[in-house]
Amino acid sequence: MLRSKRFMFFPLTLLLCTVVSVCFADVRNSETDVSLINDHLDWSAEEHSDTKYAGSAVDLHLLQDDNAVLTRTERRLFADSLRKVEGQKCRDELNSTLWAILGGQRWAIAMYDAMAKSSAGINSGVLHQLGHFDECLQQQQFHSSALETEEAEPVVRSKYCLLDVQMNGFTVETVASRRKEALNRNGDAVVVALWGACVPASCEAVDIATFMENYLQRPVLSANETACQLSSVGAANGGQLYVDGGMFAYAVVLFVFILLATLSTAYHVYLIYASRNADDVSKRALQQQTLTIALLSFSVIENTKKLFQASKDQMGLNSINGIKAIAMLLILAGHALSFIYSSPTYNEAFIAEKTKYPTFAFLYNSLLFVDTFLLLSGFLFCRILLIELDRRRGRINPLILYVGRYIRLTPAYMAIIGFYMTWLPSIGSGPLWRERISREQERCQASWWLNILYVNNYFNTDKFCMFQSWYLSVDTQLFFIAPIFIYLLYKARKCGQRLLIAAVVCTSLIPFVVTFLRHLDPTLLVYADELIDLASNNYYIGYYIKTHMRASAYFIGLLTGFMVHLMQEKGLKLSVTLVRIAWLLSTLAGVGAMFSICRFYISPFTNVESFLYAGFHKLAWNLSVAWLVMAATTGHAGWLRGFLSSRVFVPISRLTYCAYLSNGIVELYHSSTLRYASYWNYVNLENELISHIVDTFVLAIVLCLLFESPIHALERILLRNAGRTEKRSQSEENQSPSTSEEQVA
């Protein structure tokens, strides 16, 4: 019995040993095969451009490195996708990239790593899946290290492109859109994400779309070639900045102005050293010949002194400085919020929800503060021109007014437009940079001449250059017709009053009628998807920027200027009761006009609500500001007049024109250089708004000292030589660095 058991044990042991030996032999053979294949793989550009060769290696699963960047599924997906690309060169370079990734070459791994491969946060509204822009394009680091270590240089030049990818199956609550329903695959709307792809530079739009559609396994709706940006490695110019004729010409002009400022400042320093007193230099310059004044007009010292010097309160106009400064700060904050809202946002619901409450109304309804500048423009022009007509007994040459205004406004304006046309695309980078900035450059190159003719708000608006430039056109057009009303107020007072009141009534009714007939929004509503490109916003281009839709503020300003002129001329004072009633009504009207806008973000509104708000909120706001101006300039504002006349507001007030011009560059730069979606809360938003405002005023100071202030001084010399006493009749927004007292000097 024992012997039979032992006899059975030996065959089992023999069988077990046989099985184990066979298994080990298979493993050794498999490892030998993989080793042999890997040893025979030629990683040169000539060999691995063969797509069949790459595909067979992937299909046979012979590359089994657990530490490889690509998983087995990703390798197959990459190889299958590149085979469907029709462009031969693109297909070869994609294949070369695949082999380089499998070979562990860092430049290829960086290209793959930079590409957005899966989405995150689509349901929450994060539709910008941008990948890693800088990692894709900064191939120079691999080129440099390759020279040091004698490794192979990158064989494929990269480029970063943006694609529109359809995200089927996702549901997005459209909190940042006027459409309140959810976007999903069951509705008519399509969820589209902006997708960052890092691909070979030889690939065209159709090749990129084909490859990415197969790799992502999602429909690619478009691949815009204009949104693609190339790596500097392998560029014909070695990655150096290319300077064309326009850029060179602009640089020469800028150099001339900087040289003039430098020489003028040096001359001023010499005079200070010779006289030992800077104030004596300014006084002596005014007493000397025109040449000396002209030489000092570009002095940074002189213009900085003008910028910060205190104002003399003539005719009570010093309080205008405070109104201008506060209005401009809020306008800039509103611009910043609009661009932040339309940029890649991690939690866009934060800002979207705030539009439903009055807390942020002064920011997303800051459009009303622009009407404040129109009103101040009309007020100052009427007030000062009536004084000049009295002094000159009705003899004023309107041509001098028009020429003087054009000379004052246009040089600084052209400096900014020229920058848009030439150097703007070269000052930054980012996933969104080329698409947004090239679009702005092309528009300015196409319609710059309409801007300097101040008619761009009516003509060629599909090529609208500088989103904020409409204001200068509106203000200038109204400035050209204002002398007719003001002269009639001087020559035939009753006729002038009736005509002016009729103009106020008619221009106030226009928003009512147009909004009702066209079924328009009550004002420019702030929605992220409608603010990405204002020039393509139908309401903005078709109605918001039109003079006939904005004229009521200017004419109310003219009427206010005339009433203040009468009160100061006759020394009239209003009763305490009337003043209190006026303050109560104006405060209610202003607060109601500003903060009632939140109603239109809460729920759908009717056409009746829309046209009533469109007309009444402008009228109420303009009347409220008109009373503030009247009370402050006639001594009915109490402590508020002292606050608005504070010296703190003086330099801000004098920089408003240049700040308004410069703000577009700041906003475009901040919004177009973003690399990823930003997270917002109260603290982050506050810091960002402040930084935008500070950056704007830094640029405004440079623009003022180099262009606006020197040209202003030369204009005074020109008008003096034309035999005319200096008279400032410009818009309040155009006083940089002119002051209230300089307007009537």
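Residues numbered from 1 in each chain as written. Predicted model: local features only at pLDDT ≥ 70, side-chain atom pairs only at ≥ 80, totals over all residues. Heavy atoms only, no water.

1. Quick look at the nonpolar core
Among the nonpolar cores identified, the biggest contains 145 residues, and Tyr-364, Met-466, Trp-470, Ile-486, Tyr-540, Phe-555 and Leu-661 are the most heavily contacted of them. Among the elements that take part in this core, helix α16 (residues 367-392) stands out by supplying 16 residues, more than any other. Contact partners of Tyr-364, with chain neighbours within four places excluded, come to Leu-337, Lys-354, Thr-355, Lys-356, Tyr-357, Val-526, Ile-597, Cys-598 and Tyr-601. Ranked by size, the runner-up nonpolar core spans 52 residues in total, among them Ala-193, Leu-194, Cys-203 and Tyr-215. (Core = buried A, V, L, I, M, F, W, Y, C linked by side-chain atoms within 4.5 Å. Buried < 20%, exposed > 50% of the residue type's maximum accessible area, 1.4 Å probe, protein only. Helix = DSSP H or I, 4+ residues; strand = E, 2+ residues; numbered from the N terminus. Contact = heavy atoms within 4.5 Å.)

2. Focus: the packing of helix α20 (residues 493-518) against helix α23 (residues 547-570)
At a minimum axis distance of 8 Å, the contact between α20 and α23 shows a crossing angle of 150 degrees. On the basis of their axis angle, the class for α20 and α23 is roughly antiparallel. Handedness of the crossing formed by α20 with α23: left-handed. Each of Arg-493, Gln-497, Leu-500, Ala-503, Val-504, Thr-507, Ser-508, Ile-510, Pro-511 and Val-514 in α20 lies in contact with α23, whose residues at this interface are His-548, Met-549, Ala-551, Ser-552, Phe-555, Ile-556, Leu-558, Leu-559, Phe-562, Leu-566 and Glu-569. A class-by-class count of the residues in the contact of α20 with α23 yields 14 nonpolar, five polar and two charged. (Axes fitted to C-alpha atoms, helices over the stretch in contact; angles between N-to-C directions. Parallel < 35°, antiparallel > 145°, perpendicular 65-115°, else oblique. Left-handed = near helix turned anticlockwise from the far one by under 90°. Nonpolar A, V, L, I, M, F, W, Y, C, P; charged D, E, K, R; others polar.)

3. A short note on unusual backbone geometry
Phi is positive for Tyr-454, close to 60 degrees, though the residue is something other than glycine. Among the structural elements, Tyr-454 can be located in the loop between α18 (433-452) and α19 (470-491). Non-glycine residue Asn-460 carries a positive phi angle of around 55 degrees. In this fold, Asn-460 is placed in the loop between α18 and α19. Residue classification places Asn-460 among the partly exposed positions, given a relative accessible area of 33%.

4. Things to note about a nonpolar patch on the surface
Taken together, the side chains of Leu-241, Val-243, Phe-248, Val-252, Phe-255, Val-256, Leu-259, Leu-260 and Leu-263 present a nonpolar region at the surface, about 820 Å² in accessible area. Turning to its location among the elements, Leu-241 is positioned in the loop between β7 (229-230) and α9 (245-275). (Patch = residues over 30% accessible without salt bridge, like charges linked within 9 Å, V, L, I, M, F, W, Y side chains within 5 Å. Areas by Shrake-Rupley, 256 points an atom, 1.4 Å probe, with all protein chains shown as cover. Salt bridge = Lys/Arg side-chain N within 4 Å of Asp/Glu carboxyl O.)

5. Quick notes on the confidence of the model for the protein
Averaged over all residues, the pLDDT of the protein equals 84, while 81% of them reach at least 70. Under a pLDDT of 50 for its full length, residues 234-238 has, in the predicted model, four contacts with residues more than four places off or in other chains. (pLDDT = per-residue confidence, 0-100.)

6. Topic: the state of the cysteines
With the rule as written, the count across this model stands at four disulfides. For Cys-161, the disulfide goes to Cys-228, at an S-S distance of 2.0 Å. Residues Cys-161 and Cys-228 are joined through a disulfide that is right-handed, its torsion about the S-S bond being 120 degrees. In this pair, Cys-161 sits in strand β2 (residues 158-166) while Cys-228 sits in the loop between β6 (220-223) and β7, placing the two residues 67 residues apart along the sequence. Along the protein, the cysteines that take part in disulfide bonds pair up as 1-5, 2-4, 3-6, 7-8, counted in sequence order. (Disulfide = S-S within 2.5 Å.)

7. Overview of the pattern of salt bridges
Throughout the structure, instances matching the rule amount to 14 salt bridges. A salt bridge links Glu-225 to Lys-159; the nearest nitrogen and oxygen atoms lie 2.9 Å apart. Placement of Glu-225 in the loop between β6 and β7 and of Lys-159 in strand β2 is noted, with a sequence separation of 66 residues between them. The partner of Glu-440 in a salt bridge is Arg-443, with the nearest N and O atoms 3.9 Å apart. Of the two residues, Glu-440 and Arg-443 are both situated in helix α18; the distance of three residues between them amounts to about one turn of the helix. Like Arg-443, Glu-440 is buried. One connected set of salt bridges, linked through shared partners, spans Arg-439, Glu-440, Arg-443 and Asp-533.

8. What to know about the packing of α20 against helix α26 (residues 607-634)
Between α20 and α26, whose axes approach to 8 Å, the crossing angle comes to 165 degrees. Looking at the two axes, α20 sits roughly antiparallel to α26. Handedness of the α20/α26 crossing: right-handed. Residues Ser-508, Pro-511, Phe-512, Thr-515 and Phe-516 of α20 form the contact with α26, whose participating residues are Asn-607, Ser-610, Phe-611, Leu-612, Ala-614, Gly-615, Phe-616, Lys-618 and Leu-619. Among the residues making up the contact of α20 with α26, the classes are represented as eight nonpolar, five polar and one charged.

9. Section: the packing of aromatic side chains
Considering all chains together, one arrives at 35 aromatic pairs under this definition. When the centroid spacing of 6.3 Å and the interplanar angle of 85 degrees are considered together, the rings of Phe-464 and Tyr-540 count as edge-to-face. On the criterion of sequence distance, the pair formed by Phe-464 in the loop between α18 and α19 and Tyr-540 in helix α22 (residues 538-544) is long-range, its members being 76 residues apart. Each of the two residues, Phe-464 as well as Tyr-540, counts as buried. Over the ring of Tyr-112 we find Lys-117, and its NZ or CZ is 4.7 Å from the ring centre. Directly above the ring of Phe-479 sits Arg-405, whose terminal nitrogen or CZ lies 4.6 Å from the centroid. (Phe/Tyr/Trp six-rings, centres within 6.5 Å; stacked < 30°, edge-to-face > 60°. Lys NZ or Arg CZ within 6 Å of the ring centre and 35° of its normal.)

10. Looking at helix α17 (residues 398-421)
Its 24 residues give α17 an end-to-end C-alpha distance of 33 Å, which sits within 8% of 34 Å, the value for a rise of 1.5 Å per residue. Along α17, the largest kink reaches about 35 degrees and is centred on Thr-410; proline Pro-411 follows within four residues of it. Of the residues flanking the start of α17, the one acting as N-cap is Asn-397, its side-chain oxygen 3.1 Å from the backbone nitrogen of Leu-399. (Expected span 1.5 Å × (residues − 1). Bend = angle between axes of the 7 residues up to and from the residue. Polar contact = N/O pair within 3.5 Å; in protein donor to acceptor, adjacent residues only side chain to side chain.)

11. Some remarks on the environment of Arg-395
Relative to the helices and strands, Arg-395 resides in the loop between α16 and α17. C-alpha of Arg-395 to C-alpha of Tyr-487: the two residues are 92 residues apart in sequence and 9.9 Å apart in space.

12. A look at the pairing of β2
Among the nine residues in β2, eight count as buried, and that is most of the element. Of the strand pairs in this sheet, β2 and strand β5 (residues 192-200) are connected by nine bridges, and their pairing is antiparallel. Within β5, the residue paired with Leu-163 across the bridge is Trp-195. Where β2 meets β7, two bridges bridge the pair, whose relative direction is antiparallel. Bridged to Tyr-160 within β7 is Gln-229. (Pairing = 2+ DSSP bridges.)

13. A few points about the environment of Phe-562
Within the element layout of this structure, Phe-562 appears in helix α23. For the pair formed by Phe-562 and Tyr-490, sequence separation is 72 residues and the distance between their alpha carbons is 9.6 Å. Other than its neighbours up to four places away in sequence, Phe-562 contacts Cys-382, Leu-386, Leu-489, Arg-493 and Gln-497.

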